[in-house]
Structures are given as structure tokens and as C-alpha cells.
Amino acid sequence: MAEQLIISVSGMRGIVGENLTDSVAADYGRAFGTFLKESCTEKKKLSVSTGRDSRPSGKQLLSAVAEGLCSVGIDVIDLGIATTPSVGIMLRELGCAGGVVITASHNPGQYNGIKLLLGNGVAPTSDSAKQIRQYYFDKHFDLEDSSDCGKITSSEQTDITHVNKVLAIIDRDKIAAKNFKVILDSVNGAGGRITKKLLAELGCEVFAINDEPTGLFAHAPEPISENLKGLCEIVKTEGADIGFAQDPDADRLAIVDEKGSYISEEYSLAFSAKYIFSKKTGKAATNLSTSRMIDDIAQKVGGQVIRTAVGEAHVAAAMFEHNCIIGGEGNGGVIDLRVGPIRDSLVGIALVLQLMAETGKTTSQLVDEIGGYYMKKDKFTADTSQAQQIFNLVKKAFADAKLDTTDGCRFDFEDGWLHLRASNTEPVIRIIVEARDRRTAKQYVDTVLRIRREVLD
Ligand code: MG
């Protein structure tokens, strides 16, 4: 069966040339532009910033989206190859009504996608996303004639603007004094160019691999352990202080310690939070599937952690609402509102280096100090009705746990937690478990798997 074109809160994702074609992209641009015009109360010419990761299909798709936007009278300011957080920053700097990033994030090269951002730099809420989707299917397009169509310009200020915003939240001299040796793996995505600039500003000795934005990914692009063996090896052989890995649109960050070991991407947010909470107390926000490490860190200094549904828009909304000093998601996404309300690997890199500079500790020492958990993420198939039955039975089995049903079911126990979520896009349930040790985590998972067998058999 051919794969479906997925249209969700974060935008559209599909296989290029198969279900994601130029005409699909142009219509999606028209739908988004029409939505922006209808939601903007002021009568003025609107603009949208556009950027793309390095995939070879990106330029063509971006042209198609830009054509769609122009046809409904929206001006386009093209940033070329740019990270997702960079587009979020620039659209606000340039006073745009929205942003578009052509990226399929961590998905393999045959995929591409169209990620939408509103004028505040965050993905649309689910209601807005539904409306844009409906406009796309209904071909509800507020087309303009040739005298009022949009025009396309470009900006070359992206890297400098983004880097300066990151530099403003850290003490550059303290980091530069350490002259850290850093290995950077940007998987030939959008992150290489700008991240090398940031690291140079921070006085690091940089050894970059896969830093050409060819979009021909040197390894599977998700920054997880099995894909980063090459980076681990180079960190070891070069005797580097740390290794950083980004996904193709550079919103996610993973870390390799000075011994060449991949540490879980959960540590990107934990390290960042540790530094932020060492300077001030306040609130953090993260999703329900993220490690408890951030709670431990916040608790030590009287801070508080707000938990949200999975998805960066939910985390960003909570950060705005509670004026959070740090936030993000356990998949390596760090958000600092002073830079922008989007997961940003450059923010993560700067905060982690600052933590190392201020504590004088190595990456592995910082891991030991935080003290980790055993965590496992998995998924299994279940249709909507099976999922409901499973959820009900698991609730009964874990009746003593603290239950949060904001997004699926999250059960908190004394010695760990378990989160079950039904996917919006496929008939699967995701299961995330964390506990002090593997044995305890396995007990919780086994209970769920036993229930799943009962329901499915
Ligand atoms: Mg990404």
C-alpha cells in the first residue's frame, strides 16, 4: 500500500514525487496564506519567511509553496537553507505573519515535509491546523490577481541573527576560556554552517563531520545511539571534550561524552535545565514522555516542572503561560524563550558548554552527578477500539499510581512512570517507561503487554 500523505498539527509530510508533489505543495501554500489573511485583523500586506533543510527536493518544494503563497497575495522572504529554529527567529525579526520550513526533520531522505509556523514562531494550535487542512482539501483559496500577488525577496541575515540571540543568553568569555574541543555531526543537514559559526564564536576547536548541506545523509538522520557510531569513534580518537549531533533541521540535539559514549538524548534538556536552574529558580515545561531528571534538577533548587501533551507547540504554550525559564522535549529538543519558542540545538549546545565551563566537569561527570534512569521507548499495534480497551484495563491494573490523562495515560509511581499514547497518524500505541532500574521498568511494561495480549487475542 502506498504511504499516505500525513497532514497533522506540525504540517504536511510525504514522499517526494509520490504523494508530495509541487501542486500539493502549492495548494498547501495557498491554504496557509488564506488562513493567515483571514486571521489577521489589520488590513496590511502580509509576509511569510521560508526556509528549508538541505534535502535535494527542498528547493523545488519551497518554490511551489512560495508560488502558492504569492498567488493569495502573501509576500515571501526566503532564507534558503536554514534550521527550523532559525526560521522561527527570523519570521519574528522580520515581522512576518508566519513561517514555512521545508523539512521532514529526522525522517529518511525520500521524505520531505512542509512545517508551518504562526507569527509568534510556534506551530499552529490543533484548531488552526484543522482549519488550514480543511482549506487545503476544499481548495478554499483567497486568490489575488496579478496586481496584488505576492513578491519573493530574500534575507542573508539568518545566521548572524540567530547566533547573536544565542550568544546573548550565555557568558561567551567563560566558555571561550576553556577552548573546548568539539566534534560536530550535522548529518549533512541544515545545521552545519550556522553551528560552526556559533562554536567558533564560543572559542571552541571544532572538528566537523557531515557538515556540507547536501541533504545526502551520511547516516540515518535521527540522532539516536545506533546512528551515531561514527561520531562516537571520532570523539574518542580525537580526544575531544564532547560530541554534538543534530537532526537535518537542527532542532534536536544529542550528545556524546568525552569517552566516546552516546548519552541518551534526554540529557540535552537535563544539562540545559541544570545550568539554567543553577542561575535562577522558576518553572520549566516539558512533555509527559520526558525523563524525570528535569524534576530532580528543579526540585533541588525549589523549581517546578509543568508537564504537557507531547508536541513542541504544547510545551511552548505552557512556557508562555507559566513564564518558564527553560523547557523542551526529551528527544533532544531544548527551548529557551529568550531565543525563541522552538526546540533549538544551538541553544542546547550553548547551555551545555556553559554548564561544562562553569562546573569544570566533564560530560561523563555531569551524567554521573545528575544520576540517570533506565528508560525504554517502544510501540505496538492497536486500533482505536483496542487502544481504548487497553487504556481502561491498564488504568485498573495501575489504580494506585498517580494518573495524568492530558495526552493518553501517564502513570506515576514512586520508583518510575509509564506513558501510553495512541498515535494520531497510525494504529499504534507508544509506550515510554522510566524507572531507577531495568527490572522495575520491565515489570511495568510486562503488565501492559499482558493486557495487550488479552485484548488482541
Ligand atoms: Mg527536527
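Residues numbered from 1 in each chain as written. Predicted model: local features only at pLDDT ≥ 70, side-chain atom pairs only at ≥ 80, totals over all residues. Heavy atoms only, no water.

Trainee: In this structure, what is going on with the coordination of the magnesium ion? I would like to understand it.
Mentor: Geometrically, a metal with four donors at the corners of a regular tetrahedron has ideal angles of 109.5 degrees, and one with six donors at the corners of a regular octahedron has ideal angles of 90 or 180 degrees. Protein coordination at the magnesium ion comes from Ser-105 (OG), Asp-247 (OD), Asp-249 (OD) and Asp-251 (OD), with a distance range of 2.1 to 2.2 Å. Positions of the donor residues of the magnesium ion along the chain correspond to the pattern S-x141-D-x1-D-x1-D. (Donors = N, O, S within 2.8 Å, 3.2 Å for Na, K, Ca; no water.)

Trainee: So what exactly am I meant to see when it comes to the domain arrangement of the protein here?
Mentor: Note on interface size: it is often stated as the accessible area lost on association of the parts. If you check the domain split of the protein, you get domain 1 (6-158), domain 2 (171-370) and domain 3 (374-456). Computed from C-alpha atoms alone, the centre-to-centre distance between domain 2 and domain 3 is 28 Å. Counting from both sides, the interface comprises 11 residues of domain 2 and, opposite them, 17 residues of domain 3. Summing the contributions of domain 2 and of domain 3, the shared interface buries around 1,000 Å²; its carbon and sulfur component is 45%. Inspection of the domain 2/domain 3 interface yields two salt bridges. Taken together, domain 2 and domain 3 are joined by 10 residue pairs in polar contact (both at pLDDT 80 or more). The residue makeup of the side of domain 2 that touches domain 3, split by class, is three nonpolar, four polar and four charged. (Domains from an automatic or database assignment. Contact = heavy atoms within 4.5 Å. Buried area = accessible area lost by both parts, 1.4 Å probe. Salt bridge = Lys/Arg side-chain N within 4 Å of Asp/Glu carboxyl O. Polar contact = N/O pair within 3.5 Å; in protein donor to acceptor, adjacent residues only side chain to side chain. Nonpolar A, V, L, I, M, F, W, Y, C, P; charged D, E, K, R; others polar.)

Trainee: What's the story with the side chain of Arg-52 in this structure? I'm lost.
Mentor: Secondary-structure assignment places Arg-52 in strand β3 (residues 47-52). The residues touching Arg-52, leaving out its near neighbours within four places in the chain, are Gly-58, Lys-59, Leu-62, Gly-80, Ile-81, Ala-82, Ile-102 and Ala-190. (Helix = DSSP H or I, 4+ residues; strand = E, 2+ residues; numbered from the N terminus.)

Trainee: What is the right way to look at the packing of helix α3 (residues 84-93) against helix α5 (residues 158-167) in this model?
Mentor: In a pair of packed helices, the angle between the axes and the distance between the axes together describe the arrangement. Running from N to C, α3 and α5 point in directions that differ by 95°, and their axes come no closer than 10 Å. Taken together, the axis directions place α3 and α5 in an arrangement best described as roughly perpendicular. Across from Pro-85, Ser-86, Ile-89, Met-90 and Glu-93 in α3, the residues of α5 making contact are Thr-158, Thr-161, His-162 and Lys-165. Taken together, the residues of the contact of α3 with α5 sort by class into three nonpolar, four polar and two charged. (Axes fitted to C-alpha atoms, helices over the stretch in contact; angles between N-to-C directions. Parallel < 35°, antiparallel > 145°, perpendicular 65-115°, else oblique.)

Trainee: For this particular structure, what's the right way to read the nonpolar core?
Mentor: Nonpolar side chains tend toward joint burial in soluble globular proteins. Membership of the largest hydrophobic core comes to 52 residues, with the highest contact counts inside it found for Phe-244, Phe-271, Ile-326, Leu-351 and Leu-353. Looking at this core element by element, the count peaks at 10 residues for helix α12 (residues 345-359). Residues contacting Phe-271, with those up to four places away along its chain left out, are Ile-255, Ile-263, Val-352, Leu-355, Thr-363, Leu-366, Val-367 and Ile-370. Leu-46, Val-76, Leu-116 and Leu-118 belong to the second largest nonpolar core, which has 32 residues in total. (Core = buried A, V, L, I, M, F, W, Y, C linked by side-chain atoms within 4.5 Å. Buried < 20%, exposed > 50% of the residue type's maximum accessible area, 1.4 Å probe, protein only.)

Trainee: Looking at this structure, I do not really get the side chain of Asp-27. What am I missing?
Mentor: With respect to the helices, strands and loops of the structure, Asp-27 is situated in helix α1 (residues 22-39). Accessibility expressed as a relative area gives 12% for Asp-27, which makes it buried. Look past the residues within four positions of Asp-27 in its chain and what remains in contact with it is Tyr-136, Lys-139 and Phe-141.

Trainee: Explain the packing of aromatic side chains to me, please; I cannot follow it from the model alone.
Mentor: We describe a pair of aromatic rings using the distance from one ring centre to the other and the angle between the two ring planes. Inspection of the entire model under this criterion finds seven aromatic pairs. Between Phe-413 and Tyr-444 the ring centres are 3.9 Å apart and the planes differ by 5°, which places this aromatic pair in the stacked class. With a gap of 31 residues between them, Phe-413 in strand β19 (residues 409-413) and Tyr-444 in helix α15 (residues 438-456) connect regions that are remote in the sequence. Overall, Tyr-444 belongs to the buried group, its relative accessible area being 12%. Here the basic side chain of Arg-410 rests over the ring of Trp-417, its NZ or CZ set 4.1 Å away from the ring centre. (Phe/Tyr/Trp six-rings, centres within 6.5 Å; stacked < 30°, edge-to-face > 60°. Lys NZ or Arg CZ within 6 Å of the ring centre and 35° of its normal.)

Trainee: I would appreciate a short explanation of the pattern of salt bridges in the present structure.
Mentor: Any two side chains of opposite charge can pair, given that their charged atoms come close. If you walk through the whole model with that rule in mind, you get 33 salt bridges. Between Asp-251 and Arg-343 there is a salt bridge, and its shortest N-O distance comes to 3.0 Å. Of the two residues, Asp-251 sits in the loop between β10 (242-246) and β11 (253-256) while Arg-343 sits in the loop between β16 (333-335) and α12, which places them 92 residues apart along the sequence. The two residues Asp-251 and Arg-343 agree in class, both being buried. The network of salt bridges with shared partners includes Lys-115, Asp-251, Glu-312, Glu-329 and Arg-343.

Trainee: Honestly, helix α10 (residues 293-300) in this entry has me stumped. Any pointers?
Mentor: In an α-helix, one turn spans 3.6 residues; hence positions three or four apart end up facing the same way. Among the residues making up α10, those that are buried are Met-293, Ile-294, Asp-296, Ile-297 and Ala-298. Buried residues along α10 sit in contact with α9 (266-279), β13 (283-287), β14 (304-308) and α13 (363-370). Just downstream of α10 lies Gly-302, where phi reads positive at about 75°.

Trainee: How do you make sense of α9 when you look at a structure like this?
Mentor: With 14 residues, α9 extends 21 Å between its outermost C-alpha atoms, agreeing within 8% with the 20 Å of an ideal straight helix rising 1.5 Å per residue. Taking burial as the measure, the 14 residues of α9 include 11 buried ones, the bulk of the element. Among the residues of α9, those classed as buried are Glu-266, Tyr-267, Ser-268, Leu-269, Ala-270, Phe-271, Ser-272, Ala-273, Tyr-275, Ile-276 and Phe-277. (Expected span 1.5 Å × (residues − 1).)

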